[in-house]
Amino acid sequence: MLTIRPAEAEDAARIANVHVKTWRATYAELLPAHYIKAFTQESRAIFWARVMRHEEPERVLLVSEDDDGEIVGFAHGGAVRSVVPGHEQEIYALYVLPGFQGGGHGRRLFLAACNRLSKRDGEGLAVWVLRGNPAEGFYQHLGGTLVSSRTVQIGGAEVDEVAYGWAEVPSYD
């Protein structure tokens, strides 16, 4: 049974666990090793606790649970943070533990986040992805098209990010 629900304050450490494990697996070959190593469970738990204490009502933070009620994925989104013309909503983060990828958690998180974001003011949806991240194919499969790109500094390295977009925030029944 796959359950999607809004995150609660007590979920911060479990969201951090998913974030760190997935992030390290995904970006090990894309970002500098020292930067990956510095991305810790403790720092992310503090980050997520702070996000939840100060979460703006127009933002969405959802978790996906497995059959045992363990959090295995999360999605976070809201108003676009950096300008992507024609796209006013953004999925900031969507991570699913490697062992659960391909099992529907990512797709269901994306759809649930879109359903909530589609009810808010603002046309279009964007998501930024590091070039080379396997999630590029995931977003393409969900109908996203390449709408922007940029080069950013992460951990002292220049990396390319691409934005996938939808002209309207998808809404699913």
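Residues numbered from 1 in each chain as written. Predicted model: local features only at pLDDT ≥ 70, side-chain atom pairs only at ≥ 80, totals over all residues. Heavy atoms only, no water.

**Student:** I'd like a description of the sheet that holds strand β4 (residues 87-96), backed by residues and values.
**Tutor:** Reading across the sheet, the seven strands line up as β1-β2-β3-β4-β5-β7-β6 and stay open at both edges, with mixed pairing between neighbours. Single-partner strands in this sheet number two, and they are β1 (3-6) and β6 (145-154). Between one strand axis and the next, the sheet turns through 30° on average, direction left out of account. In this structure, strand β5 (residues 125-130) lies alongside strand β7 (residues 157-166), joined through six bridges in antiparallel fashion. When the sheet's bridge partners are listed, Trp128 is paired in β7 with Ala163. Sitting on the sheet, helix α1 (residues 12-27) is in contact with β1, β2 (60-65), β3 (71-84), β4 and β5, with an inclination near 75° to β3. Set on the sheet, helix α4 (residues 105-117) makes contact with β1, β2, β3, β4, β5 and β7; between it and β4 the angle comes to about 150°. (Pairing = 2+ DSSP bridges. Helix = DSSP H or I, 4+ residues; strand = E, 2+ residues; numbered from the N terminus. Axes fitted to C-alpha atoms, helices over the stretch in contact; angles between N-to-C directions. Contact = heavy atoms within 4.5 Å.)

**Student:** Can you break down the pattern of salt bridges residue by residue, with the values?
**Tutor:** As enumerated under the stated definition, the model contains six salt bridges in all. Where Arg81 meets Glu90, a salt bridge forms, and the shortest distance between an N and an O atom there is 3.2 Å. Note on Arg81: relative accessible area 53%, which makes it exposed. Of the residues examined, Glu90 reaches a relative accessible area of 2% and is grouped as buried. Between Glu136 and Arg131 there is a salt bridge, with the nearest N and O atoms lying 3.4 Å from each other. Overall, Arg131 belongs to the partly exposed group, its relative accessible area being 43%. Connected via shared salt-bridge partners are Arg5, Asp11, Arg14 and Glu65. (Salt bridge = Lys/Arg side-chain N within 4 Å of Asp/Glu carboxyl O. Buried < 20%, exposed > 50% of the residue type's maximum accessible area, 1.4 Å probe, protein only.)

**Student:** So what about the packing of α1 against helix α3 (residues 41-53)? Which residues, and what values?
**Tutor:** Two quantities define a packed helix pair, namely the angle between the axes and the distance from one axis to the other. Contact pair α1 / α3: the axes reach a minimum separation of 8 Å and the direction vectors enclose 130°. Regarding the angle of α1 to α3, the classification is oblique. As α1 packs across α3, the resulting crossing turns out to be right-handed. Where α1 approaches α3, its residues Ala12, Ala13, Ile15, Ala16, Asn17, His19 and Val20 are matched on the opposing element by Gln41, Arg44, Ala45, Trp48, Ala49 and Met52. Taken together, the residues that form the contact of α1 with α3 break down as nine nonpolar, three polar and one charged. (Parallel < 35°, antiparallel > 145°, perpendicular 65-115°, else oblique. Left-handed = near helix turned anticlockwise from the far one by under 90°. Nonpolar A, V, L, I, M, F, W, Y, C, P; charged D, E, K, R; others polar.)

So yeah, pure geometry; function would need other evidence.
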